[in-house]
Amino acid sequence: MTPTVHVIGHPLVQHKLTLMRKKQTSTKSFRALLEEISMLLAYEVTRDLPLCTEDIETPLAPMKAPVIAGKKIVIVSILRAGNGILDGMLHILPSARVGHIGLYRDPKTLQAVEYYYKVPEDLHERDVMLVDPMLATGNSAVAAVTRLKKSKPKSIRFACLLAAPEGIETLRAHHPDVHVFTAAVDERLNDHGYILPGLGDAGDRLFGTR
Ligand code: URA
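Criteria and thresholds
Throughout, residues of each chain are indexed from 1 in the direction in which the sequence is written. Note on the predicted model: pLDDT of at least 70 is required for a residue's local features to be given, and 80 or more for side-chain atom pairs to be given and counted; whole-chain, interface and lining totals, by contrast, use all residues. Side-chain calculation: all heavy atoms of the structure are included, whereas hydrogens and water are not. A cavity, in this analysis, means grid points on a 1 Å lattice covering only the protein atoms where a 1.4 Å probe fits yet has no way out; a pocket is instead an open set bounded by protein on both sides within 12 Å along at least five of seven lines, and a residue lines either one if it has an atom within 4 Å of a point. Grid points are joined across faces, edges and corners, and a volume is the space filled by probe spheres set on the points. Each helix is a run of H or I in the DSSP string that is no shorter than four residues. Each strand is a run of E no shorter than two, and both are numbered from the N terminus. Strands were regarded as paired on the criterion that DSSP finds at least two bridges between them. Here the axes come from fitting lines to C-alpha atoms, over the contacting stretch only for helices, and the angles between their N-to-C directions go from 0 to 180 degrees. Angle categories: roughly parallel below 35 degrees, roughly antiparallel above 145, roughly perpendicular from 65 to 115, and oblique for all the rest. In a left-handed crossing the near helix is turned counterclockwise from the far helix by less than a right angle, and in a right-handed crossing that turn is clockwise. Every residue pair with non-hydrogen atoms within 4.5 Å of one another is taken to be in contact. Proximity is defined per residue: any heavy atom of the residue falling within 4 Å of a molecule or strand makes that residue near it. Two N or O atoms form a polar contact when they lie within 3.5 Å of each other; inside protein one atom must be a possible hydrogen donor and the other a possible acceptor, and for residues adjacent in sequence the pair counts only when both atoms belong to side chains. Using the Shrake-Rupley algorithm and a 1.4 Å probe, accessible areas are obtained, with residue cover drawn only from the displayed protein chains. More than half of a molecule's atoms within 2 Å of the grid points is what it takes for that molecule to sit in a cavity or pocket. Each residue receives one of three labels: charged for Asp, Glu, Lys and Arg, nonpolar for Ala, Val, Leu, Ile, Met, Phe, Trp, Tyr, Cys and Pro, and polar for the others, Gly being one of them.

Draft legend 1. Fine view of the layout of surface pockets. Its boundaries defined by the atoms lining it, the largest pocket holds a volume of some 740 Å³. Lining the largest pocket are 31 residues, with Arg105, Ser140, Tyr194, Asp201 and Gly203 positioned closest to its centre. Secondary structure elements with two or more residues in the lining of the largest pocket: strand 4 (74-79), strand 5 (97-105), strand 8 (134-135), helix 4 (139-149) and helix 6 (202-207). Its boundaries defined by the atoms lining it, the second largest pocket holds a volume of some 250 Å³.

Given below as structure tokens:
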């Protein structure tokens, strides 16, 4: 495995992921679990954010207290399944700025096609956390990172639930500077670009569309 991939082996993450994989898990439970697991992912992805100190006063004494340095992080969701992760992460990063990238996979070529892009204007002053539950072929992730880099953000991290080795390799080949945070690396892709064993179509399971 490449050194830029961080597998989050925390027991809570692994347990919740197993519940999400089960085919009998309801839309309601899947949605709640994605929200919970995303909070835990955000905790790991932000582990190395730099701190600075601020002068504050407690009820008893003044002190220099640590706060996260710099401008607020930007969470960028790859529509539509990325919104499930976004909702969870916003619980522990409530002041984060938010961007959206709309990409769909051409079912024949499996290439990413962009249909929407809206991010904060001052991206060049911010760190980005790009989120999508599934890093499958890697084509959407590559397209999203390529697009974001035009705005020159300070850094880009990619957070997902599941990654396929093929997707990791594609993203690494195009953007070796992007660290990937995932709950698991699965076996491989099937002929339709789905992750095996995976959890099925994350968007359909999240929104109950199939
Ligand atoms: N997108 C999904 O939702 N699931 C996969 O397995 C691959 C891509």
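Draft legend 2. View of the sheet that holds strand 8. Pairing within the open sheet is parallel, and its three strands lie in the order 8-10-12. Each edge of the open sheet is held by one strand with a lone partner, namely strand 8 and strand 12 (184-185). Pairing geometry for strand 10 (residues 162-163) and strand 12, over two bridges, is parallel. Note on strand 12: the bridge partner recorded for Leu162 is Ala184.

Draft legend 3. Region of the structure containing the packing of helix 1 (residues 11-21) against helix 2 (residues 27-45). In contact at an axis separation of 10 Å, helix 1 and helix 2 are set at 155° when each is read in the N-to-C sense. When the axes of helix 1 and helix 2 are compared, the pair comes out roughly antiparallel. Between helix 1 and helix 2 lies a crossing of left-handed hand. Contacts between helix 1 and helix 2 involve Leu12, Val13, Lys16, Leu17, Leu19 and Met20 from the former and Phe30, Leu33, Leu34, Glu36, Ile37 and Leu40 from the latter.

Draft legend 4. Representation of the site of the ligand within the structure. Around the ligand, the neighbouring residues are Arg105, Met134, Ala136, Gly193, Tyr194, Ile195, Gly200, Asp201 and Ala202. Here an oxygen atom of the ligand sits 2.8 Å away from a polar atom, N or O, in the main chain of Ile195. Separating an oxygen atom of the ligand from a backbone N or O atom of Ala202 is a distance of 2.7 Å. Computed on the free molecule, the ligand has an accessible area of 240 Å², of which 88% lies beneath the protein chains in the complex. The pocket occupied by the ligand, as judged from atoms lying within 2 Å of grid points, is the largest pocket. When the residues that make up the shell around the ligand are grouped by side-chain class, the tally is five nonpolar, two polar and two charged.

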